[in-house]
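Inside the fold
Residue strings, one per chain:
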Amino acid sequence: YPACALTFRSMSTELFRQLRRVEAQAERGMAGTAAERADRRRRLRLELLRQHLASNVDFLRAAHLGGASGQQSVQAYAAFMDGFLETLFRLAAEDARQEGAAPAALVLVALGGYGRGELHPLSDLDLMIIYDGEMGPYVQRVTQGILYALWDLGLQVGHAVRSLPDCLAMARTDFPSRTSMQQARFLVGDRRLFNRFRKVLAENVYQKDFAQFLETMLAERDQRYRKFGGSPYIGEPNVKESAGGLRDMHEAMWLASTKFGTRTLRELLDKRLITDREQKATDEALTFLWRVRNELHFLSGHKNDVLSREVQPQIAKNFGYAGDEVSLAVEKFMRDYYLHARVIHRVSRRLIARCRETLAHRGAVQRRLRQEA
């Protein structure tokens, strides 16, 4: 992934230079009013960005069809989008400066799954722009430049524009915002501002209310299971939301990150919160489910996480499963799916139990101290 990220970053720099060269050449040959020239320049920029986006999505689709693992695919697409968004940010910032807006501190961050460095081909881009102080013309212009370009390119974007106090208030009062920001990852902009954002939330939210966070998380999980299925073995599982789906692992990792300061399975292993066998099995399970989810997106042509009975045989065939006198290909595929879903369900439950143990231990210590007093 680091090598892939570096490749896409260098592509981003070259794309920025290419766009500036082409726009400058076109500007010299343009007639008409300033507004007409600006509109033609915008359309030219969008066309070049659209070509770049399409060619790279096609490359990633071909890699997926060629057998790339789920982990390789989601990390490669996240790395590509990192570079693409860096280009949009630089273009928008330069446009704002040329229009006379005084530069101000702001940073573009990835949230949620994208914040973890995982992005599926047709998932939403979950982004946030953080600014310092008041939202002035520069912040407004850069934000518009990025979001308008993404919308014009047909990408689905979940976005927020917040000051540091706004981030703190949302993390305290809105559960989805809290969990999304907990996975925040720096993309481009003022890194010192990003570090302040991480520090403010860690000191004022994440380290203060773990018991309430755990209780809310478990209530959310129960509600999700009622809606999408509380067993890893249902006939048409939602790869993201059903028991044994990706969300199970997300929730366990959010809690472990808050309680133990871990962000990866490797860090959980290093702190002996999971075994070596559990780490390997979970890695395999996640990459399998990521590949299934990628396949669902490509087959559907839109974001789709339901492994319905009508698509199961097609995915089994595409993944190279073959039937024999004992089992159909689709039965073998679904057997593997259930094995991996069971691993995620079991490991996530064990991690959550470890988090609950720390609260029970703390409660016992506090009761003993009160008795001794």
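All of these numbers come straight from a predicted model, not from anything done at the bench.

Moving on: the overall build of the chain. Assigned secondary structure in the chain consists of 14 helices and four strands. For 373 residues, the compact-globule estimate of 2.2 N^0.38 gives 21 Å, and the C-alpha radius of gyration of the chain, at 23 Å, lies within 12% of that figure. Oriented by its inertia axes, the alpha-carbon framework of the chain measures out at about 75 × 70 × 35 Å. Expressed as a percentage of its 373 residues, the buried residues of the chain come to 49%. Residue pairs at least 24 apart in sequence account for 72% of intrachain contacts in the chain once pairs closer than 6 positions are excluded. Entry remark: accessible area of the chain is about 18500 Å², with carbon and sulfur atoms responsible for 51%. Taking the 57 positively charged and 45 negatively charged side chains of the chain as two groups, their mean positions are separated by 4 Å.

Turning our eyes to something else, we now look at the pattern of salt bridges. Within this structure, the stated rule accounts for 20 salt bridges. We note a salt bridge from Arg 141 to Asp 95, for which the minimum N-O separation is 3.9 Å. A residue pair is termed long-range when its members are at least 10 positions apart, and Arg 141 in helix α5 (residues 137-152) and Asp 95 in helix α3 (residues 70-98) qualify at 46 residues. Residue Arg 247 is joined to Glu 241 by a salt bridge in which the shortest nitrogen-to-oxygen separation is 3.7 Å. Residue Arg 247 shares its accessibility class with Glu 241, and that shared class is buried. Because the salt bridges share partners, they merge into one network encompassing Arg 45, Asp 95, Glu 99 and Arg 141.

A word on the side chain of Asp 248. Turning to its location among the elements, Asp 248 is positioned in helix α10 (residues 246-260). Within the local environment of Asp 248, its side chain forms a polar contact with the backbone nitrogen of Gly 244, the two atoms lying 2.8 Å apart. Setting aside its immediate chain neighbours within four residues, Asp 248 contacts Arg 224, Tyr 225, Ser 242, Ala 243, Ile 344, His 345 and Ser 348.

Here we take up the confidence of the model for the chain. Mean pLDDT over the chain: 88, with 91% of residues reaching 70 or higher. Per-element averaging of pLDDT across the chain places helix α1 (residues 2-28) at the bottom with 69 and strand β1 (residues 106-110) at the top with 97. In this model, residues 364-373 is a region of pLDDT below 50 whose contacts with residues beyond four sequence positions or in other chains number zero contacts.

Applying the stated criterion across every chain, the model contains two cavities of 30 Å³ or more. Along the walls of the largest cavity sit Val 57, Leu 60, Arg 61, His 64, Ser 73, Tyr 77, Leu 119, His 120, Pro 121, Asn 294 and Phe 298, which together make up its complete lining. Elements represented by at least two residues in the lining of the largest cavity include exactly α2 (34-65), α3 and α12 (276-300). Looking at the lining of the largest cavity, the element that brings in the most residues is α2, giving four residues. Residue classes in the lining of the largest cavity are distributed as six nonpolar, four polar and one charged. Taken as a whole, the second largest cavity holds about 40 Å³ of empty space. Residue lining of the second largest cavity: Leu 108, Leu 127, Met 128, Ile 129, Thr 143, Leu 147, His 159, Ala 160 and Val 161, and that is the complete set. Looking at the lining of the second largest cavity, the elements with two or more residues in it are β2 (125-131), α5 and β3 (157-163).

Procedures and definitions
- Residues numbered from 1 in each chain as written.
- Predicted model: local features only at pLDDT ≥ 70, side-chain atom pairs only at ≥ 80, totals over all residues.
- Heavy atoms only, no water.
- Helix = DSSP H or I, 4+ residues; strand = E, 2+ residues; numbered from the N terminus.
- Rg over C-alpha atoms; globule rule 2.2 N^0.38 Å.
- Buried < 20%, exposed > 50% of the residue type's maximum accessible area, 1.4 Å probe, protein only.
- Contact = heavy atoms within 4.5 Å.
- Areas by Shrake-Rupley, 256 points an atom, 1.4 Å probe, with all protein chains shown as cover.
- Lys, Arg positive; Asp, Glu negative; His and termini not counted.
- Charge placed at Lys NZ, Arg CZ, Asp CG, Glu CD.
- Salt bridge = Lys/Arg side-chain N within 4 Å of Asp/Glu carboxyl O.
- Polar contact = N/O pair within 3.5 Å; in protein donor to acceptor, adjacent residues only side chain to side chain.
- pLDDT = per-residue confidence, 0-100.
- 1 Å grid on protein atoms, 1.4 Å probe; cavity = no way out; pocket = protein on both sides within 12 Å on 5 of 7 lines; lining within 4 Å.
- Points joined across faces, edges and corners; volume = space filled by probe spheres on them.
- Nonpolar A, V, L, I, M, F, W, Y, C, P; charged D, E, K, R; others polar.

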